[in-house]
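Here are the chains, one letter per residue:
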Amino acid sequence: DLVFPSLSYRTGPYAAGGIPFADGYTDYFTLLNERDGGIGGVKVSVPECETGYNTEKGVECYESTKGEGALVYQPLSTGITYQLIPKTTADDIPMHTMGYGRTSAANGDVFSHTFNYPGSYWNGASGGVNYLLETNGGDISGKKIALVYHNSAYGKEPIRTLEELQKKHGFELSLLPVDHPGQEQKSQWLQIRREKPDYVMMWGWGVMNQVAIQEAANIRFPMENFIGIWWSGAEHDVLPAGDKANGYKALTFHNVGRDFPVFADIQKYVVDAGKAAGAGDQVGNVLYNRGLYAAMLAAEAAKTAQEIHGTKDITASMMRDGMEALEITEEKMAALGMPNFGPSFSVSCENHGGPGLVGVTQWDASSKTWSLISDFKATDIDVIGALIAEDSGAYASENNIASNCN
Amino acid sequence: MSTQESYVTEDGRTIGPTVMEMKNITLRFGGVKAITDISFDIREGEIRAIIGPNGAGKSSMLNVISGFYVPQEGEVWYKGKKRPPMKPYQVAEQGIARTFQNIALFEGMTVLDNVMTGRIRQMNAGLLSQAIWKGKAEKEEIANREAVEKIIDFLEIQAIRKTPVGRLPYGLKKRVELARALAAEPSILLLDEPMAGMNVEEKEDMSRFILDMNDEFGTTIALIEHDMGVVMDLSDRVVVMDYGKKIGDGTPDEVRSNQAVIDAYLGVAHD
Amino acid sequence: MSEQIVYALEVFANGLMSGVLYALVALGFVLIYKASGIFNFAQGVMALFAAMTLVGIQNGQVPFAHLINAVLGTHIHHFGWHIHSVLALIFTVGVMILLAVAIQRFVFRHLVGQEPIILFMATIGLAYFLEGFSDLMWNSEIKTLKFCVAEGTCLPQGMNMAIDEAAYNAFGTGFFIDNLDISAAIVAVMLVIALVAFSQYTKQGRAMRAVADDHQAALSVGISLNFIWILVWSVAGFVALVAGIMWGAKSGVQFSLSLIALKALPVLMLGGFTSIPGAIVGGLIIGVGEKMFEYCFGTGQCFGGIINLGGATENWFAYVLALVFLVFRPQGLFGEKIIERV
Amino acid sequence: MFYREAGDFKTSYSKDNQTFPIKIDRVGYYLVLLVAFLVVPFMLNDYWVNAIFLPFLIYSIAAIGLNILVGYCGQVSLGTGGFMAVGAYACYKLMTTFPDINIFFHVIIAGGITGLVCVVFGLPSLRIKGFYLAVATLAAQFFLVWLFNRVPWFYNYSASGQINAPERTVFGIEVTGANTEAWATYLFCLVFVVASAWIARNLTRGMTGRKWMAIRDMDIAAEIIGVNPLKAKISAFAVSGFFVGISGALFFAVYLGAVEVGEAFGITKSFLVLFMIIIGGLGSIFGSFAGAAFLVLLPVVLKVVGVDMLGWPTDMVAHLQLVIVGGLIILFLILEPHGLAQLWRVTKQKLRLWPFPH
Amino acid sequence: MLDAGHTDEALLEVNNIEVIYNHVILVLKGVSLSVPKGGITALLGGNGAGKTTTLKAISNLLRSERGDVTKGSIEYRGNNIQDLDPADLVKNGVIQVMEGRHCFEHLTVEENLLTGAYTRTDGKANIQADLEKVYAYFPRLKERRKSQAGYTSGGEQQMVAMGRGLMSKPEMILLDEPSMGLAPQLVEEIFTIVKNLNEQEGVTFLLAEQNTNVALRFANYGYILESGRVVMDGPADELRENPDVKEFYLGMSDEGRKSFRDVRSYRRRKRWLS
Ligand SMILES: Nc1ncnc2c1ncn2[C@@H]1O[C@H](COP(=O)(O)OP(=O)(O)OP(=O)(O)O)[C@@H](O)[C@H]1O
Ligand SMILES: Nc1ncnc2c1ncn2[C@@H]1O[C@H](COP(=O)(O)OP(=O)(O)OP(=O)(O)O)[C@@H](O)[C@H]1O
Ligand SMILES: [Mg+2]
Ligand SMILES: [Mg+2]
């Protein structure tokens, strides 16, 4: 079997986000098994392990599954990622942290076993600013942008990038941290109400998202000017606020909705066959799609590895090579029934972060759907690249890491 | 007879000059006057009883001596010097030990540990030495354990040495409390109803311990007790309190025949 | 300048309102502590459970659907009906009473006369149990809570326009107060009045306080611990339900609801564990204190911004504030004096 | 009559003061030590060490520390998470500032620093008592976490605010970083555990321990018979902080390797360690181990049974796990309110009488 | 032994009970006693003899101390009461006044007394009247009625506990060391109250007492407990004349009462047993 462990969290404060992702991740592999007989003819197994978004349980999950021949880890938590970076490297198992984790891991020269394609938080920050530039005719100097963020490593990620971009584009940035869990955000939103920023960006997770959107609605902040990162843009984030959430925007690196042929297959082979990972009610949700997308990228990397090494039964080490040689093209995605589901890109030894293309989605409260309103676009590589080089360089020297690519 | 001179009692004990003197003590709790302008002295080596009806302020007086209550007015003189304001533990360091009316043992600890705590003054090894259980800490522990075992033998509580005190019956707890106070080798021992809840036989035992303590080590004892038999037999002098005021002070015989005391407390003249 | 003052007032008023919401949670704690000397760690989880049950009943969710499906291989999840909010509320109150009975029967009846720390520990077990149990029963997805007395008259949310406009006309700048907060305040005041009346003026109230002091003695005078505890836990369950509704309406019903207990702790300590009015006053002080501190020093908007701590100070400030009060009054503002006697 | 103490007479007080005065206990204890040091290291793989032994050992130290404060001295603390964070960050700063000094000393110094911080937050305990004291310690918890999150100096200005343990060796063998061997990290922690337990035991059986317990059982009476409450409480906070700090340092450096303060040392950690000592038994060193084992092992066991053996969905197992842990806590309490340690004692007492009922 | 010495019908029968604490500590090793209706029965014995345990076994408060009655039976008016809740027992007219005061510290003296009336349903006026009666018994309490019980003196607390018991208008009162810590004239008074209630209102008493002298003066019948066994019982006047009782419990030698100062050697105890 090809083993793709799923470190999921269906319990705890972040369960609402963890459930659809885990469902999507598993369902895709189930689909491959049912429809294609696995990957390259080898069956796939997806042992699930509950982390509860807790680093210690994450370690336990990692240790308990790695012995089963795990090919790649998708830890789904920034905290767990940091822990696993050295461990996976030592164990020669690749890790994919898609849209989260340590951004500077994009530098494959230092982080040999960590991949964060197709995009990272810093891409997200820049993508958001680019979107604002675009909607403002290329000039946002003098505009006020407030960043409401989860007061943790995750939430603080975009600050450096935004500060750099602030220098470059001349907008005003104000920072509003929200402590975990984020049920009380009165002060932050009263301040926003008074300072009247032109835009609010949000790096939130869990209940913080729902409360923020609710409070934004309460103070009548225009939803169109409120943009969340991709972890702040799922159905359950906006639903509690009802109609008032209409127009809220979120960044993304993959497509939304279930208008893709692959969903017909999922319905047929997985849901209707009673093999869905969850209750089957999450199919097509934003985070479900993200899980699906992550699984698809993993499966494609596995195929690539099978090709490179000429064996069907690949090892984790081969998988890593496959991930480093991964190429996602429009044709490939179309063939998989997922046309334009995400950007096309390729990975290299130096660049584990992919192209960093970022799109924007918007919530329509009446139809209760998200739609992609801005296609995947490039982000500011000059700024981000420098930051990545700096941060990964520091890590390399602190840990005496030799260059991986030469 | 002057309080500055020693004298010898009928049964041959020497009573020294005043060691502790309470001067015009007044203690109030909000509107309640627990003690009103009371003065009395305690002489070295004597057994001094304090009696009075319930709520007269006897326990409060012991608490003042212990430093637990700070009187609004009045002074405490100890060994000829006026005592400055002090924390209870500082009073204990001066060699004043006591027992409590509502038993105040450390319920979670064994009898042995309870009695050992009495020897705080005698044990002062540093934290480090205790952490590695070598040197001073170990020596000290053994030496003091021996002293404590003597007291345990003396009070006949060997059998319950390792029992947690929480489970003991009332009377034994009182005994353990006495043991803890004795372990401190105090120069003044304050006893608050040490014999409440005991039958005659046990009271005889307790009396014996108290007398021996007084005889052998010359410990000065202040005693609160409601059993007039005990008080009259044991004490050298008696203070009588009522509603926070002193209504009598003198030898048992004097007190016994004091009409005010009979009215307020004794009810009938005791034989 | 005047705008600044209005804003400060606005922060102040909203602090008061947040305080009311904290107090709602704290009330449940106080009740149980007052009545049995139990520090109920499970209060937050009870709020979660109550809110989940309310939503579950409203939406006709099948309880334990997940478990049933896993065991029997079925695919049920909803009965397919919707139940009127008020009716659902009544059912939920019934469930909370059942819960109280169960807690009494299976837990505290066996722990009569134990020390406070042990009872505290039992509530820890209870919290674990209830957390898993409510997820098993109603599953762990986020649920949206809409509480409507009749068509169109739901629990209001969002800015109160009347106040905003009045302020705008008067000072030329708006004034934000959330409608939900206003309703919470009204409900909280009513609850407090009712509970104070109950505990001060009824025989049961006195018995409750007696139980808290000494289980054995209470038993010995004929107070039935069983009855008192069921009563109190039911009332606490009801208070938890109210808190659950208010907080759930704000952020959806989900696990994090159980964490509001953390917001209630400083309130409790400041107000005093045993005082029902203390919970409200404590809540207000904490609410205002933390908001004003965040406003002035957390984000540096007062005194020319000489101190700017960079935000997110609210969590710790609430506790530090409570601490400062406690140093002066170790039993909290209105708590019963800790009796120290020998 | 399996368990005997009859015929086991003491001839000196020092013998009677032994940690394990009964022979069968003593033999058992040495056996456990022997196995722990000489047998276990050869049987370990990554899973056992990282998923079970390291958390068990490290939490045991934290539990011993907290037990000194709560169980022995009666000062309820909910700041353990924050104090562990002090240990972790102190250790991190020491490791990165003085890379040439052996990590062994870093850990100990980190413990010392934590002890000092603990003392500062322990000062209010002179006035504030019981559950109210929890407020002081909760203030510490939230404030410390906020501080480590807020001031970049603590995390060496890294972009995300996480701290990573660099590689360090003891006798040339790596104990932190990516390339450690399972047995090395295990032994490194085990040494600290054994030393902590030994020191804690010594302190608690002597006068210091008696002073703590006196304060715990009745602080007023303790003061009247001569215990200086300031010194007793402060020393408990210091010693407790020392152990908690060590466990925080090990938690970060050896076990997790990378830490984010809010996540790893949040309020849940404080509660977890508190639960451990309550379940294990307040005022018992053995209880600290028992409680740590219970809360580390039970979830793992339930997970293995539910997910791996019965094949149930992970979320259901996770929920059931909570239900079962909660239920077991309550059940144990009803059987024996004073924790696993007391349950063990009573069992021994029964074994002693066995086969007679009493 | 059971039927020896008393004439009236038994209100309470304790048959050969055994009590174990914590599942291991055997404390009562077969205690039997019977309390006649309208009588005053005294339970005597040294420290740790098991008096308190016996009373708690009857009032069912044992369970909250992790004690269990493992053998024997306790019957009140012919009904087994072992499975009753303590609260139900109070409703049935049996109340215990516990040893060591056990006041509700935070409640005022008056509130403490009122909790005693918790099970009563005969109206506020009656309760108020009884309250006045208790104040008449213990004038000291009236003075301190508004202060928290935790701050009253030891003797005052003892009065509170006693008064609280009386407030429930019981049919039978289990008194555990009522005289402890009370001034001598109050001890007399308390026993006079007991006697009065017994004679005028027909209240039955079972009292554990260390003050043997007083107890035997007021009681009709006495049991002497040693180490969890009844070692002697009989009508009070007979017991008073028994030489052993005289020596060990009344402190009398042949020459009458002897001084505590003259006791020069420790006594051997428990001679009935070993
Ligand atoms: N909760 C308990 N757990 C274990 N043993 C107990 C418990 N309560 C009492 N005992 C034991 O039971 C025995 C009898 O105690 P009890 O309190 O009944 O004595 P008593 O006759 O009332 O003595 P006293 O006159 O001192 O009050 C004692 O040896 C005591 O150690
Ligand atoms: N801390 C306090 N606060 C308020 N009142 C108090 C306090 N301590 C004592 N009192 C009151 O002061 C008076 C004297 O109390 P104290 O305990 O000294 O009496 P006592 O003489 O020892 O009586 P007893 O013989 O009953 O023990 C009592 O009326 C008591 O209620
Ligand atoms: Mg007194
Ligand atoms: Mg007794």
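What counts, and at which threshold
- Within any chain, residue numbers begin from 1 and follow the written order of that chain's sequence.
- To read the labels, note that chains go from A and ligands from 1, taken in the order they are written.
- Predicted model: local features are reported for residues with pLDDT of at least 70 only, side-chain atom pairs are reported and counted for 80 or more only, and whole-chain, interface and lining totals are derived from all residues.
- Hydrogens and waters are ignored; side-chain quantities use all the structure's heavy atoms.
- UniProt positions are given in the numbering used here, feature names are shortened, and annotations may be inferred rather than shown by experiment.
- A run of H or I in DSSP counts as a helix once it spans at least four residues, and a run of E counts as a strand once it spans at least two, with each numbered from the N terminus.
- We compute the radius of gyration from the C-alpha atoms alone; for a globule the expected value is 2.2 Å times N to the 0.38, where N is the number of residues.
- Note on exposure labels: buried denotes an accessible area under 20% of the residue type's maximum, exposed denotes more than 50%, and partly exposed covers the range between, all computed with a 1.4 Å probe on protein chains only.
- Any two residues whose heavy atoms approach within 4.5 Å at even a single point are treated as in contact.
- In this description, accessible areas are obtained by the Shrake-Rupley approach with a 1.4 Å probe, and a residue is regarded as covered only by the protein chains that are shown.
- In this tally, Asp and Glu contribute negative charge and Lys and Arg positive charge; neither His nor the terminal groups of the chain are included.
- To locate a charge, the coordinates of NZ of Lys, CZ of Arg, CG of Asp or CD of Glu are taken.
- By definition, no residue in a patch forms a salt bridge, and every one has over 30% relative accessible area; like charges are joined within 9 Å, nonpolar side chains (Val, Leu, Ile, Met, Phe, Trp, Tyr) within 5 Å.
- Put simply, a salt bridge is a Lys or Arg side-chain nitrogen that is within 4 Å of an Asp or Glu carboxyl oxygen.
- Here a donor is any nitrogen, oxygen or sulfur atom (N, O, S) within 2.8 Å of the metal, with 3.2 Å used for Na, K and Ca; water is not among the atoms considered, so some sites may look incomplete.

- In the annotation of an unreviewed UniProt entry, chain D is listed under the name Amino acid/amide ABC transporter membrane protein 2, HAAT family and assigned to Shimia gijangensis.
- Per UniProt, chain D carries the Subcellular location (unreviewed entry) text "Cell membrane".

- Identification of chain C as Amino acid/amide ABC transporter membrane protein 1, HAAT family from Shimia gijangensis is taken from an unreviewed UniProt entry.
- Of chain C, the UniProt comment under Sequence similarities (unreviewed entry) reads exactly: "Belongs to the binding-protein-dependent transport system permease family. LivHM subfamily."
- According to its UniProt record, chain C has this under Subcellular location (unreviewed entry): "Cell membrane".

1. Details of the overall build of chain D
So, step 1. Along the backbone of chain D there are 15 helices and four strands.
So, step 2. In terms of overall size, chain D behaves like a compact globule, its C-alpha atoms giving a radius of gyration of 21 Å where 358 residues would be expected to give roughly 21 Å.
So, step 3. The C-alpha extent of chain D, read off along each of the three principal axes, is 65 × 55 × 45 Å.
So, step 4. Expressed as a percentage of the 358 residues in chain D, the buried residues total 62%.
So, step 5. Long-range pairs, those at least 24 residues apart, make up 72% of the contacts in chain D with a sequence separation of at least 6.
So, step 6. Counting every atom, chain D has about 12,800 Å² of accessible surface; 71% of that belongs to carbon and sulfur.
So, step 7. Distance between charge centroids for chain D: 12 Å, based on 23 positive and 17 negative side chains.

2. Re the UniProt feature "transmembrane region" (unreviewed entry) in chain C
Residues and elements named next belong to chain C.
So, step 1. Annotation from UniProt places "transmembrane region" (unreviewed entry) at residues 12-32, 39-59, 79-99, 111-130, 182-202, 223-247, 267-286 and 316-334.
So, step 2. Measuring from the first to the last C-alpha atom of residues 79-99 gives 23 Å, for a span that is 71% helix and 0% strand.
So, step 3. The span residues 182-202 is 95% helical and 0% strand by assignment, and the distance between its end C-alpha atoms comes to 30 Å.

3. Focus: a positive patch on the surface
So, step 1. Positive charge collects at one region of the surface, where Arg220(A), Lys244(A), Lys368(A) and Lys146(C) lie side by side.
So, step 2. Topologically, Lys368(A) is positioned in the loop between strand E14 (358-364) and strand E15 (369-377).

4. So, the coordination of the magnesium ion (ligand 4)
By definition of the ideal shapes, four donors in a tetrahedron about a metal sit 109.5 degrees apart, and six donors in an octahedron sit 90 or 180 degrees apart.
So, step 1. The magnesium ion (ligand 4) binds to the protein through Thr52(E) (OG1) and Glu99(E) (OE); the donor distances cover 1.8 to 2.4 Å. Of the two residues, Thr52(E) sits in helix H1 (residues 51-59) while Glu99(E) sits in the loop between strand E6 (94-97) and helix H3 (109-116), which places them 47 residues apart along the sequence.

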